[in-house]
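What the coordinates show
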Amino acid sequence: MQPVSLDCHQHMINIQNLSFSYGEQKVISDLNFTVRERDFVGIIGSNGAGKTTLLKMIVGLLPASKGEIRLFGQPVRKFKDWERIGYVPQKNAFNPLFPATVREVVMSGLYNNKNVFRRISRAQQCKCDDALEVMRIEGIQDKRVGMLSGGQQQRVFLARALINHPDLLILDEPTVGIDIETQAAFFELITHMHAHHHMTFLMVSHDIDMIQNYLGQEPVQRNGKINFYSRHSHELQNCAAEDLQHTLT
Ligand SMILES: Nc1ncnc2c1ncn2[C@@H]1O[C@H](COP(=O)(O)OP(=O)(O)OP(=O)(O)O)[C@@H](O)[C@H]1O
C-alpha cells in the first residue's frame, strides 16, 4: 500500500532555504516554509524581526539573497497570475492630492491590464457595494481618499484587496490604526472566509490574542525572531480523509 499523503492541497507559497540581508545585516536565515491552499498562517515577531521583509520577498518586491520562493508552483520572478493574490502592505497612505474617490479606488481592485477599458458591469458594482459595506466605508464612498484619516484609508486598502475574492490574501498588519469594532469585524470576516470560502491567508499581526485564539497557542515553526502560527480550514481534513479512502480502495 502506498503511504497516505496528507498534502493534497496545492502549494500556494513554497519557500526553500531562503535568506535575506540588508548589506551586512542578516534578516532572514535559511527559512523553509509552505503555505498550502486553505491554510491560515499568522506571523508574529518583535519589531525589526524581518516580517515585512519576508512578505515583500513573497510578492516579488525584494529579491532573495539566497534560496527560492515559488507562488502556485512558479518561481516568483516568473509569476504572472497576480490577480490570484491580494496584498495589503503595512502603513499604506495615499498622497493628500490623490484625485480618486473611495469607490473608484475599491473598484480598481477589479481591474487588471486586460479589463481596464471594459464597461463596469452590474455584478462588479455589487461586488464593490459588498466590499464597501464589509469595511463600513459605504458612507464615505464619494470622498477623495487623500482626504481620509489613516484608519479610513486602511479600510479602503482592505476593501480593494477583498473585492476580487483572491485565492490568497497577504496582509501586513492590516488593522493598525483601525478602531476596535472594525478590527473585530474584520477578523471575524477573514476567519469566516478562511473556514467557509476556501480562502488562504498569510497575515503579519501584532495581535497575539487574535492569532492564538484562531491559530492555536504554539507556533508551528520559528525562524530567528519570527514565529509562524498555522491552521487549515476543516475542509482540509475532509480532503485527507478522501485521500485515505482513495488509497484504501
Ligand atoms: N530598506 C531597508 N534598508 C536597510 N535595512 C532595512 C530596510 N528595511 C528594513 N530594514 C531593517 O531590516 C530589519 C527587518 O525589518 P522589517 O521591516 O522586515 O521588520 P518587521 O519585523 O516587519 O518589523 P515591524 O514589526 O517593526 O514592522 C530591521 O532591522 C530594519 O531596520
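Just so you know, these numbers come straight off a predicted model, no measurement behind them.

Read from one edge of the open sheet, 4 strands run β2-β1-β4-β5, paired in antiparallel fashion. With one partner strand each, in any of the chains shown, β2 (25-36) and β5 (74-75) form the two edges of the open sheet. Across 8 bridges, the pairing between strand β1 (residues 11-22) and β2 is antiparallel. Its bridge partner being in β2, S21 is matched across the sheet by K26. Along the sheet, helix α1 (residues 51-58) contacts β1, β2 and β4 (66-71); its crossing angle with β1, the most-contacted strand, is approximately 125°.

Quick look at the site of the ligand now. Taken together, the neighbourhood of the ligand is formed by 14 residues, with Q25, G48, K51, T52 and T53 sitting nearest. Here an oxygen atom of the ligand sits 2.9 Å away from a polar atom, N or O, in the side chain of Q25. Here an oxygen atom of the ligand sits 2.9 Å away from a polar atom, N or O, in the main chain of G50. The protein chains hide 62% of the 640 Å² of surface that the ligand would expose on its own. Residue assignment for the shell around the ligand shows that the elements contributing at least two residues are β2 and α1. Looking at which element gives the most residues to the shell around the ligand, the answer is α1, with 3 residues. Looking at side-chain class alone, the shell around the ligand contains 3 nonpolar, 9 polar and 2 charged residues.

Attention now moves to the pattern of salt bridges. Between side chains of opposite charge, pairing is possible as soon as their charged atoms come close. Overall, the coordinates contain 6 salt bridges when judged by the stated rule. The salt bridge partner of D167 is R84, with a shortest N-O separation of 2.7 Å. Of this pair, D167 sits in the loop between α4 (150-162) and β7 (168-172) while R84 is found in the loop between β5 and β6 (85-88), placing the two residues 83 residues apart along the sequence. Take D167: its relative accessible area is 29%, and that puts it in the partly exposed class. Looking at R84, the relative accessible area reads 25%, which means it is partly exposed.

Rules of the game
Residues numbered from 1 in each chain as written. Predicted model: local features only at pLDDT ≥ 70, side-chain atom pairs only at ≥ 80, totals over all residues. Heavy atoms only, no water. Pairing = 2+ DSSP bridges. Helix = DSSP H or I, 4+ residues; strand = E, 2+ residues; numbered from the N terminus. Contact = heavy atoms within 4.5 Å. Axes fitted to C-alpha atoms, helices over the stretch in contact; angles between N-to-C directions. Near = heavy atom within 4 Å. Polar contact = N/O pair within 3.5 Å; in protein donor to acceptor, adjacent residues only side chain to side chain. Areas by Shrake-Rupley, 256 points an atom, 1.4 Å probe, with all protein chains shown as cover. Nonpolar A, V, L, I, M, F, W, Y, C, P; charged D, E, K, R; others polar. Salt bridge = Lys/Arg side-chain N within 4 Å of Asp/Glu carboxyl O. Buried < 20%, exposed > 50% of the residue type's maximum accessible area, 1.4 Å probe, protein only.

Keep in mind these numbers describe shape, not what the thing actually does.
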